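This is what each chain is made of:
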Amino acid sequence: MKFKLISFTGLALTLCVAGLQAQTKITVDVNKTEHKISPTLFGIFFEDINLSADGGIYPELVRNRSFEDADSLQNWKFTSVHKSTATISAAEVLSRNPTAPLNPFNRKSLLINAAGDFKLENTGYWGINIIAGSNYAFTIAVRTTATENYKGPLTIRLVSTGGATLATGEIKDFTTAWKYHPLTLTALAGDPKAYLEISGEGKGKLFIDMVSLMPQKTWKDHGLRTDLAEAVNALQPKFLRFPGGCWVEGEDFEHMYKWKNTVGNPDTRLPLWNIWGYNATNGLGYHEYLQMAEDLGAEPLFCINAGVSHRETVTGEKLGPWIQDALDAIEYANGPVTSVWGNIRAKNGHPLPFNMKYLEIGNENFGKEYYSNYEMIAKAVLAKYPGMKLIANDWSGGHPAEPQPEIIDEHYYNNPDWFVLNATKYDSYNRKGPKIFIGEYAVTGNTGKGNLRGAIGEAAWMTGMERNSDIVEMGSYAPLYCNTNHQRWPINLVNYDNYRWYGLPSYYVQQLFAANQGTVTLPVTVEGAPAIELPNASGRIGLGTWNNAAEFKDLKVTAPDGTVLFQPDFSKNIDEWTKTGQGDWSVQDGILRQSAQTPGVTAYAGDTTWKDYTIALKARKLSGENGFQIYFHNKRNNGRIRWDIGGYNNSTNEMQIGLNAGSMKGEVETGRWYDVKLEVTASSVKGYLDGKLTQEVSVSNLNTKAVCASAVMDEKSGDIIVKVVNTSDRAVKTQVYLKGAVSPGVQGTVTVLTSASPLDENSLDTPMKVAPKTETITVKGMTINRSFPANSLTVIRLPTMKQSMAIK
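(A) A look at the pairing of strand S14 (residues 239-242). On S14, burial covers both faces: Phe239 and Arg241 on one face and Leu240 and Phe242 on the other are all buried. Alignment of strand S3 (residues 42-45) against S14, held across two bridges, turns out to be parallel. Among the inter-strand pairings, Ile44 is bridged to a residue of S14, identified as Leu240. Note that S14 and strand S17 (residues 299-304) share four bridges and pair parallel.

(B) Region of the structure containing the side chain of Arg345. Secondary-structure assignment places Arg345 in helix H6 (residues 340-347). For the buried Arg345, no salt bridge exists, and the shortest N-O distance to an oppositely charged side chain is 8.2 Å, to Glu331. Within the structure, Arg345 has its side chain in polar contact with the backbone oxygen of Gly335 (distance 2.8 Å).

(C) Spotlight on the sheet that holds S17. Pairing is parallel in the closed barrel, where eight strands are placed in the order S3-S14-S17-S18-S19-S20-S21-S22. Geometrically, the sheet is characterised by an average inter-axis angle of 25° between neighbouring strands, direction not taken into account.

(D) Highlighting the sheet that holds strand S45 (residues 732-739). What the four strands build is an open sheet, ordered S27-S2-S45-S48; its pairing is mixed. In the strand order of this sheet, the two ends are held by strand S27 (524-527) and strand S48 (783-788), each with one partner. Neighbour-to-neighbour, the strand axes of the sheet open up by a mean angle of 20°, direction not taken into account. Two strands pair when backbone bridges link them, and strand S2 (residues 24-29) and S27 are joined in this way by four bridges, in the antiparallel orientation. By the bridge assignment, Lys25 is partnered in S27 with Glu527.

(E) Spatial organisation of the packing of aromatic side chains. Across all of its chains, the model carries 42 aromatic pairs by this definition. Judged by centre distance (5.5 Å) and plane angle (85°), the rings of Phe239 and Phe437 are edge-to-face. Highlighted residues: Phe239 in strand S14 and Phe437 in strand S21 (residues 435-443), separated in sequence by 198 residues. For the pair shown, Phe239 and Phe437 are each scored as buried. Aromatic side chains Tyr441 and Trp461 sit 6.4 Å apart centroid to centroid with 45° between the ring planes, which places their arrangement in the tilted category.

(F) Focus on the nonpolar core. In terms of nonpolar packing, the biggest core is built from 106 residues, with Tyr286, Phe302 and Trp461 touching the most fellow members. Among the nonpolar cores identified, the runner-up in size contains 36 residues, and Trp585, Trp610, Ile630 and Val676 belong to it.

(G) Local environment of unusual backbone geometry. The residue after Phe242, namely Pro243, is reached through a cis peptide bond having omega -5°. The topology assignment puts Pro243 in the loop between S14 and helix H3 (246-249). Cis rather than trans, the peptide bond between Ala478 and Pro479 has omega equal to -15°. Locating Pro479 in the fold gives a position in the loop between strand S22 (472-477) and strand S23 (481-483). Phi is positive for Asp554, close to 55°, though the residue is something other than glycine. Mapped onto the elements, Asp554 comes out in strand S29 (residues 548-558). Note on Asp554: relative accessible area 47%, which makes it partly exposed.

(H) Structural view of the pattern of salt bridges. Counted under the stated rule, the structure contains 35 salt bridges. Close ionic contact of Glu402 with Lys379 constitutes a salt bridge, the shortest N to O distance being 4.0 Å. Of this pair, Glu402 sits in the loop between strand S19 (389-393) and strand S20 (407-414) while Lys379 sits in helix H7 (residues 368-384), and the two are 23 residues apart along the sequence. The class for Lys379 is partly exposed, based on a relative accessible area of 42%. The partner of Asp714 in a salt bridge is Arg797, with the nearest N and O atoms 3.9 Å apart. Of this pair, Asp714 sits in the loop between strand S43 (707-713) and strand S44 (719-726) while Arg797 sits in strand S49 (residues 792-799), and the two are 83 residues apart along the sequence. Using a relative accessible area of 6% as the deciding quantity, one classes Asp714 as buried. When salt bridges that share partners are traced, they join Arg241, Glu360, Asp409 and Glu440 into one network.

(I) Summary view of the packing of helix H5 (residues 320-334) against H7. Put simply, H5 and H7 touch, their axes get as near as 9 Å, and they point 35° apart. The two elements H5 and H7 meet at a crossing, and its hand is right-handed. In this structure, H5 contributes Ile323, Ala326, Leu327, Ile330 and Glu331 to the contact, and H7 contributes Met376, Ile377, Ala380, Val381 and Lys384. The residue inventory of the contact of H5 with H7, partitioned by class, reads eight nonpolar, no polar and two charged.

(J) Representation of H5 within the structure. Under the 1.5 Å per step criterion, the end-to-end length of H5 is 21 Å for 15 residues, consistent within 8% with the ideal 21 Å. Looking at H5, one finds that the buried residues are Trp322, Ile323, Ala326, Leu327, Asp328, Ala329, Ile330, Glu331, Tyr332 and Ala333. Turning to H5, the residues buried within the fold contact helix H4 (286-296), S17, H6, strand S18 (358-361) and H7.

Rules behind the numbers
- Residues numbered from 1 in each chain as written.
- Predicted model: local features only at pLDDT ≥ 70, side-chain atom pairs only at ≥ 80, totals over all residues.
- Heavy atoms only, no water.
- Buried < 20%, exposed > 50% of the residue type's maximum accessible area, 1.4 Å probe, protein only.
- Helix = DSSP H or I, 4+ residues; strand = E, 2+ residues; numbered from the N terminus.
- Pairing = 2+ DSSP bridges.
- Lys, Arg positive; Asp, Glu negative; His and termini not counted.
- Salt bridge = Lys/Arg side-chain N within 4 Å of Asp/Glu carboxyl O.
- Polar contact = N/O pair within 3.5 Å; in protein donor to acceptor, adjacent residues only side chain to side chain.
- Axes fitted to C-alpha atoms, helices over the stretch in contact; angles between N-to-C directions.
- Phe/Tyr/Trp six-rings, centres within 6.5 Å; stacked < 30°, edge-to-face > 60°.
- Core = buried A, V, L, I, M, F, W, Y, C linked by side-chain atoms within 4.5 Å.
- Left-handed = near helix turned anticlockwise from the far one by under 90°.
- Contact = heavy atoms within 4.5 Å.
- Nonpolar A, V, L, I, M, F, W, Y, C, P; charged D, E, K, R; others polar.
- Expected span 1.5 Å × (residues − 1).

Limitation: the analysis is restricted to geometry and does not speak to function.
Right, dumping it as structure tokens:
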């Protein structure tokens, strides 16, 4: 029987299944439309983290090419054939030479005192990938001195791990003035772990700088590593948020991202120590990010510093330079060639504007100072560029209100269960407020190194993004890239070494959603959905602080029948407790004190098998930013299931349990003792302050069902797309009923992402262990009946017969 849809051009259906039932029925009304889906719903976020630029998508093969990384020779190896033929001291090797640097911004160079044979080697980023038959552009800046003139040539070789010459060339004729010496090296053979060798024989002083080796072939000839760029291009991103992240803020203002230092000649770009533990060359700069977005067909979204670093803040009149930087960045991206920065953009190779529409002010900032800075920057930007779409941070349950942002940015990192349970988070969001940008989200806990279970949690969450795409305008997984030799974030979408890459199972979730996005939503109802159970239904208790000092006393944990499970008198130190963070715990007169004003200080106690219990205690803040935290149902030392009282700079009370519990305004007075009580069961948590019920989370007040659904119509392709996410540990039978659709039948495809175990992961050696597999199917009638595998994402795609379509 052929499938026939009457008078509509296509529909897509998204389901999230999180339990076992006889059969769940999802009904989609194909005769009605609800709202347009944001065309920018699925994008990417690029932060310079995990060597994602240098050692990643930026294809420079030499590490520490300008010798700016340190005052000692790093990532280079210098040897001489005879001990007396070369002399190098730490003071001379990397000397700041104010009389003759390569340029005013690149003041370090390598000084070789040659007295015979010498050799300089660089292995790049854990090996240089040389491909047989490929051409490589080598350049080096060299000068000598008039009194100790070096007259010999330098031999340049690409060498295999076994010592074989893969390519070779020679440079000579050095003068007392800096001169660049280019070479094209053609590889006669290949080796993914090759190295660069620069050797010479002679006497005299030799200064060298900006030693560069680049593959001549890059993605779209715009200077990106081809395989990594193609990996992201396959995600079909609709926007590119850049360059961070914490990289935007910096640990302090000296180390915050400054876009003006990243444009123009790469040799004059100022390197910067990256908060993630390495020197950034800024070879991938502001211009290159804009070019990358253009080549991807993605909207550029630039995130700027809002006068806030991790340690410092400026406000008022001192914010002037930050405001000017924002205005200049827009002019560089969009200004005519007759403008100052538009002219510089044209000289850098792009006379046409990039047409940047999105500007985010700050990253994960909050509080009064941020709100004030946002207002000053936003008003200045809108006065000159009224068409810019401004994005504000929502980092503590609130966001700036003046001027009202078009879009607010929310970030979520958690475990798979949190994302499943919060798939309906945006169902009840205020539609009259700003649009939502989920600028960073990912499963980062209970997911190994990035396993199938984590990907399925994200897939469930993304059904909610798609269903609520009238309010959720944009979303991007984070982080994007990771060099496996320098991993500074636990879970990353695209992982690589110097010649290979693989995507997490999450990569394929992102790819499948982006490739199967509709244009309008349709009404959908779910019947027979099983109940949701709370995760982490047992575990220890704990006490904690964040950048503040606090005291605790009269702690008592009791079972429902009144049995006392735990009651320390704090007459001695809590040596038997499990502690995390750099805390300073002490006891005196029955009071437990934590004095260190540092983040993430926690002490856990009790039994991981405790399930239902009541925690009662007194707590008070002594000093610092925040209040105090009471932990419950924690099984691991890094667990963050807790009641955060006076959090986010003493502005919010939040029950952080992995559910859509929301936040409420709340602060604690310094020095005041509070009576705190938590009633904890497997299905609910109630928090009391001074005898008053303050917050409650339970299964009965959850909007999330075990089966969640979203239906959309794809007006462009005319295809019917059904996405089904089964988060249970067993196969689930589901019936999808297309109300009002009649057709003689159609043949389509089914793409399934699953694996033998939810713990299965991909790796460099097994990059496709968890990857989608596609088969053809024939659909008969108005229903689709299928058993969806445990822990799976299934995409059913059915082409429609457009000539026979009419709304019934």
